[in-house]
Amino acid sequence: MAVTALAASARAEAAEPVLVPKQQVVSEFAACVLEQQPERSKALLASEADSFEERSLAKRLMEGTSSCTRGRAFISMHTGEARGALAEAMLRVDSALASAAARLTAVPVDRPTETVGRRFLIVYGRCLAARAPTEALALMATPYGSAAERDAVLGFDGALKDCMPLEFNYQLNIRDVRNHVASALYDRALAASGGGDKNA
């Protein structure tokens, strides 16, 4: 499902176009949304991934924060992109979560068997964040669309294959992997921190 944030005002006169990675645009939007609607943002992150509740919360949250489009007519994103960007934003602004994420250690998990659509990405991201939390955190620190980001994904090394369902062919999409690893890392850090910083 795609959610769209509508601009509150007319678009300003177009300046010289600057190419910006889509995930950077989504990230800036998510940071603004988190600042304006922290409790609703946390509610979205607490919802079950790929559920009707998650999609409904994402739609209401994105449509209710149109000022965060920063002059763009709209920003279109899938629910997984919105959730992943909010998870990254939380890990940046919540010191308790960030500290908890840095202390996470690798835990063994079974190889996923799910191969369908976003459900695959959810379990793949959870497996990577469980088996390689240090690499997951390093990925969050890289610039979007950069060589460093690509190298950080490849830095998962054996986990990329160990978390892949058997005989399943997936063409690696760095943005999708980053978003779903971010969501999974946030969940692990939240559990380890006892709920994060209540004032964040």
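Provided above is the structure to which this section pertains.
Everything numeric here is computed off the predicted structure, so don't read it as measured data.

Colleague: With reference to specific residues and values, describe the nonpolar core.
Modeller: If you look at the biggest cluster of nonpolar residues, it comprises 48 residues, and the most contacted ones within it are Met-62, Leu-86, Tyr-124, Leu-128 and Phe-156. Among the elements that line this core, the one with the most residues is helix α4 (residues 79–93), at seven residues. If we ignore the near neighbours within four places in the chain, the residues touching Leu-86 are Ala-30, Val-33, Leu-34, Ser-41, Leu-44, Leu-45, Leu-61 and Met-62.

Colleague: Can you lay out the layout of surface pockets for me, pointing to particular residues and giving the numbers?
Modeller: In this model, the second largest pocket occupies a volume close to 240 Å³. Taken together, 13 residues line the second largest pocket, and the ones lying closest to its centre are His-78, Thr-79, Gly-80, Arg-118 and His-180. Taken together, the residues of the lining of the second largest pocket break down into two nonpolar, five polar and six charged.

Colleague: Describe in detail the pattern of salt bridges, supporting the description with residues and values.
Modeller: Taken as a whole and assessed by the stated rule, the structure comprises 10 salt bridges. Of the charged contacts in the structure, one is a salt bridge between Glu-88 and Arg-178, with a shortest N-O distance of 2.8 Å. With Glu-88 in helix α4 and Arg-178 in helix α10 (residues 174–193), this pair connects stretches of sequence that are 90 residues apart. A relative accessible area of 2% places Glu-88 in the buried class. A relative accessible area of 1% means that Arg-178 is categorised as buried. Between Asp-162 and Arg-131 there is a salt bridge, with its nearest N and O atoms 4.0 Å apart. In this pair, Asp-162 is assigned in helix α9 (residues 158–162) and Arg-131 in helix α6 (residues 117–131), connecting sequence segments 31 residues apart. Asp-162 gets classed as partly exposed once you look at its relative accessible area, which sits at 33%.

Conventions and cut-offs
- Residues numbered from 1 in each chain as written.
- Predicted model: local features only at pLDDT ≥ 70, side-chain atom pairs only at ≥ 80, totals over all residues.
- Heavy atoms only, no water.
- Core = buried A, V, L, I, M, F, W, Y, C linked by side-chain atoms within 4.5 Å.
- Buried < 20%, exposed > 50% of the residue type's maximum accessible area, 1.4 Å probe, protein only.
- Helix = DSSP H or I, 4+ residues; strand = E, 2+ residues; numbered from the N terminus.
- Contact = heavy atoms within 4.5 Å.
- 1 Å grid on protein atoms, 1.4 Å probe; cavity = no way out; pocket = protein on both sides within 12 Å on 5 of 7 lines; lining within 4 Å.
- Points joined across faces, edges and corners; volume = space filled by probe spheres on them.
- Nonpolar A, V, L, I, M, F, W, Y, C, P; charged D, E, K, R; others polar.
- Salt bridge = Lys/Arg side-chain N within 4 Å of Asp/Glu carboxyl O.

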